[in-house]
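# Architecture at a glance
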Amino acid sequence: MKIWLDGGLQDIRSARVSVLDHGLTVGDGIFETLRTTDGRPFALTRHLDRLTRSARGLGLPDPDLDEVRRACAAVLEANPMPLGRLRITYTGGHGPLGSDRGEQGTTLVVALGGTERRPDTTAVITVPWTRNERGALTGLKTTSYAENVVALARARERGASEALFGNTAGRLCEGTGSNVFVVLDGEIHTPPLASGCLAGVTRALAVEWTGARETDLPMDVLDRADEVFLTSTLRDVQAVHRIDDRTLPGAPGPVTAKAMRVFEERAADDLDP
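Here's a quick rundown of the structure. Only a predicted model underlies this, so the values are computations on that prediction, with no experimental measurement involved. (Residues numbered from 1 in each chain as written. Predicted model: local features only at pLDDT ≥ 70, side-chain atom pairs only at ≥ 80, totals over all residues. Heavy atoms only, no water.)

### Side note on the packing of helix α5 (residues 201–210) against helix α7 (residues 254–269)
Working note: a packed helix pair is described by the angle between its axes plus the distance between those axes. So the rule is basically this: Each axis is a line fitted through C-alpha atoms, taken for helices only over the stretch in contact, and angles between the N-to-C directions span 0 to 180 degrees. Where helices and strands are cited, they refer to DSSP runs of H or I of at least four residues and of E of at least two residues respectively, numbered from the N terminus. Small angles under 35 degrees read as roughly parallel and large ones over 145 as roughly antiparallel, with 65 to 115 read as roughly perpendicular and the rest as oblique. Two residues qualify as a contact provided that any one of their heavy atoms is within 4.5 Å of a heavy atom in the partner residue. Three categories are distinguished: nonpolar for Ala, Val, Leu, Ile, Met, Phe, Trp, Tyr, Cys and Pro, charged for Asp, Glu, Lys and Arg, and polar for the others, with Gly belonging to the last.
Packing of α5 against α7 leaves a shortest axis separation of 10 Å and a crossing angle of 105 degrees. Between α5 and α7, the interaxial angle falls into the category roughly perpendicular. Each of Thr202, Leu205, Ala206, Trp209 and Thr210 in α5 lies in contact with α7, whose residues at this interface are Ala259, Val262, Phe263, Arg266 and Ala267. Residue composition of the contact of α5 with α7, grouped by class: 7 nonpolar, 2 polar and 1 charged.

### Some thoughts on a negative patch on the surface
In plain terms, the rule: For patch detection, residues must exceed 30% relative accessible area and be free of salt bridges, and they are connected within 9 Å for like charges or within 5 Å for nonpolar side chains (Val, Leu, Ile, Met, Phe, Trp, Tyr). Methods summary: accessible areas were calculated by the Shrake-Rupley approach with a probe of 1.4 Å, and residue burial reflects only the protein chains presented. Every case where a carboxyl oxygen of Asp or Glu lies within 4 Å of a side-chain nitrogen of Lys or Arg is listed as a salt bridge. When charges are counted, neither His nor the chain ends are considered; positive counts come from Lys and Arg and negative counts from Asp and Glu. Charge positions are represented by NZ for Lys, CZ for Arg, CG for Asp and CD for Glu. Per-residue accessibility, obtained with a 1.4 Å probe over protein chains only, is compared with the maximum for each type, and a residue is labelled buried under 20%, exposed over 50%, and partly exposed between these values.
On the surface, Glu264, Glu265, Asp269, Asp270 and Asp272 cluster together to form a negatively charged patch. As for its position among the elements, glutamate 265 is in helix α7. On the basis of relative accessible area, glutamate 265 is assigned to the partly exposed category, the value being 46%.

### Considerations on the pairing of strand β14 (residues 236–243)
The line we're drawing: Two strands make a pair as long as DSSP finds a minimum of two bridges between them.
Counting buried residues in β14 gives 6 out of 8 residues, a clear majority hidden from the surface. The pairing of strand β7 (residues 121–131) with β14 spans 4 bridges and is parallel. Of the residues in β14, the one forming a bridge with alanine 123 is arginine 242. In this sheet, β14 lies alongside strand β13 (residues 227–232) in antiparallel orientation, the contact comprising 4 bridges. Considered in β14, the bridge of serine 232 is made with aspartate 236. Connecting the antiparallel pair β13 and β14 is a turn made up of 3 residues. In this sheet, strand β15 (residues 246–247) lies alongside β14 in antiparallel orientation, the contact comprising 2 bridges. Counterpart to isoleucine 243 in the pairing with β15 is arginine 246. Hairpin connection between β14 and β15: a loop of 2 residues separates the two successive antiparallel strands, and aspartate 244 in this loop has a positive phi of roughly 50 degrees.

In structure tokens:
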């Protein structure tokens, strides 16, 4: 397996990042994950745009997107596989043990791993912890991901693949690595970015392609929604058949099934929408 590090391809067994890299010591970094099919990434431009927005929000220098594109192409060529998870990680680089940044420049890593097509439906849970819709990292895709690790571990313990957060105002926000949509009286709704959720690439495409509305939603909407689905890079559109102890019979329902079909067709027509 070959990865991109320090300006070129390296063998994954010998590639090394400094133990003092700020992405490791204090989580001072950002990342993007892309789905790849037969060596072709999906929605690369949108992901790179968000990478830049996250870098600016974190106060990192803008990434060299030409280099990132070269790195992605090189890694994909070096590691052929039918379905992959391409991860771009960009950190503050070598720094002191404290929160101050160093002056040796940033670190860019691009790596690829295999994956499988997700099931059409999944189970989710809600968790007692909240997203801070007014935090310094709100809306940024950073490597400070520990609370997602904790919440996802709880979901796995309860036979689910995702955990859903509310925000500090008690409104529905997002999953650990997904956005959430609900169907009410035949209409699709999803929390607005003001809820504190990540501006998901798949979320944006789903809103555009299905006509979903951004709506401020209470957490108890999950108790009464006719249908619920998740969106993310590796899920695309995925129906939810259970939320905590509530079963949603017949998932995917008709509205979700149509959204799944529309997304699949539109994504197949344009790999970089």
